[in-house]
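Here are the chains, one letter per residue:
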Amino acid sequence: MQDRFLKSIASLPASLATAIVPILDKDFSGHISAQQLDELIKTTKIEEHTLLQALLPISAALATPPISQFFVGAIAKGSSGDLYMGANLELPGEALCHSVHAEQSAISHAWLKGETGIKDIVVNASPCGHCRQFINEIVDGGLVKIHLPEQQPQLLSYYLPYAFGPADLNVSQPLLSKQQHSLMLGSDDPMIIEALDQAAKSYAPYTKNYAAVVLETKDGTTYCGRYAENAAFNPSMLPMQMALSSMARHNRNFSEINRAVLIESSKGAISLVGATMDALHAVAAVELEHIVVEPE
Ligand code: THU
Ligand code: ZN
């Protein structure tokens, strides 16, 4: 089991601690399959809502909060029934707007793994306004169930009445619905091919700046992030933040970054290059490779 979970394991009910330890192996990065969840429910005999709440300290152990020292965990349950943990991330010395909230981390985790819907979000405190707005961008966002301790689950529409969302800007294919943008670039560099593939799946209905980041560590492993815009603009999640959040869930140190690539569209209304460099330079002494591609 990874050391970062030692403290949180001690806070779990004994039956759950025993059952979860084998899942928390060296490769664990916050994904629990529907089948593993079923087995956890069967072996512990803990009801699902209670079990998911009990798992939150494990999620919070994935956090990187060097500024606040405030560890937040969240769990998103995808349409497939799989669970995706997320945790907050803060960039040392950088503007606070570069931070990632635990709920954003969990939702982006589910999206990167191919989920096309989120049914439930589990948190131990009511999600902040920024997160409510971020959740509202998802397909059927108002119908996502929010699970808090010792409370009946409520729909997002209960926590975010009179919501402003993608439909107000005439966007009919919200976040997590299939995106497939055609971007052209001739390259045989595997990292650039991966970034291009991820940018094609990015969600940028407001600026058309289809974009993705791929980070490579010294051992050749890659971590990617896609751009996820928001109808209210500010709660958008930048691809660098999504990639760093993925690295943190995988227990990788940002000083291990060897290469960083940002791909973005040449036809977008904005460029992410400045914000992406700021975030990268806060955590690693690596130059950003910036590639601009033509939409087909
Ligand atoms: N935070 C979350 O992750 N989710 C919320 O809804 C509230 C705030 C994080 C952001 C920041 O890293 C820290 O908690 C302090 O605000
Ligand atoms: Zn939040």
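- Within an unreviewed UniProt entry, the label attached to the chain reads Cytidine deaminase, and the organism entered is Shewanella youngdeokensis.
- Per UniProt, the comment on the chain under Function (unreviewed entry) is "This enzyme scavenges exogenous and endogenous cytidine and 2'-deoxycytidine for UMP synthesis."

1. Brief notes about the UniProt feature "binding site: Zn(2+)" (unreviewed entry) in the chain
Then comes step 1: What UniProt calls "binding site: Zn(2+)" (unreviewed entry) maps, in this numbering, to His101, Cys128 and Cys131. These annotated residues cover 31 residues of sequence, and their C-alpha atoms all fall within 9.1 Å of one another, placing them together at a single site.
Then comes step 2: Take His101: its relative accessible area is 27%, and that puts it in the partly exposed class.
Then comes step 3: Contact partners of His101, with chain neighbours within four places excluded, come to Ala87, Asn88, Cys128, His130 and Cys131.
Then comes step 4: Excluding anything up to four places from it in sequence, Cys131 contacts His101 and Glu103.

2. Describing the site of ligand 1
Then comes step 1: Taken together, Ser68, Phe70, Val72, Asn88, Glu90, His101, Ala102, Glu103, Cys128 and Cys131 are the residues near ligand 1.
Then comes step 2: In the model, a nitrogen atom of ligand 1 is placed 3.0 Å from a nitrogen or oxygen of the Glu103 side chain.
Then comes step 3: Note that an oxygen atom of ligand 1 is positioned 3.1 Å from one of the backbone N or O atoms of Cys128.
Then comes step 4: Here the shell around ligand 1 is built from residues that sort into five nonpolar, three polar and two charged.

Rules and cut-offs
- Residues numbered from 1 in each chain as written.
- Chains lettered and ligands numbered in written order.
- Predicted model: local features only at pLDDT ≥ 70, side-chain atom pairs only at ≥ 80, totals over all residues.
- Heavy atoms only, no water.
- UniProt positions renumbered as here; feature names shortened; annotations may be inferred.
- Buried < 20%, exposed > 50% of the residue type's maximum accessible area, 1.4 Å probe, protein only.
- Contact = heavy atoms within 4.5 Å.
- Near = heavy atom within 4 Å.
- Polar contact = N/O pair within 3.5 Å; in protein donor to acceptor, adjacent residues only side chain to side chain.
- Nonpolar A, V, L, I, M, F, W, Y, C, P; charged D, E, K, R; others polar.

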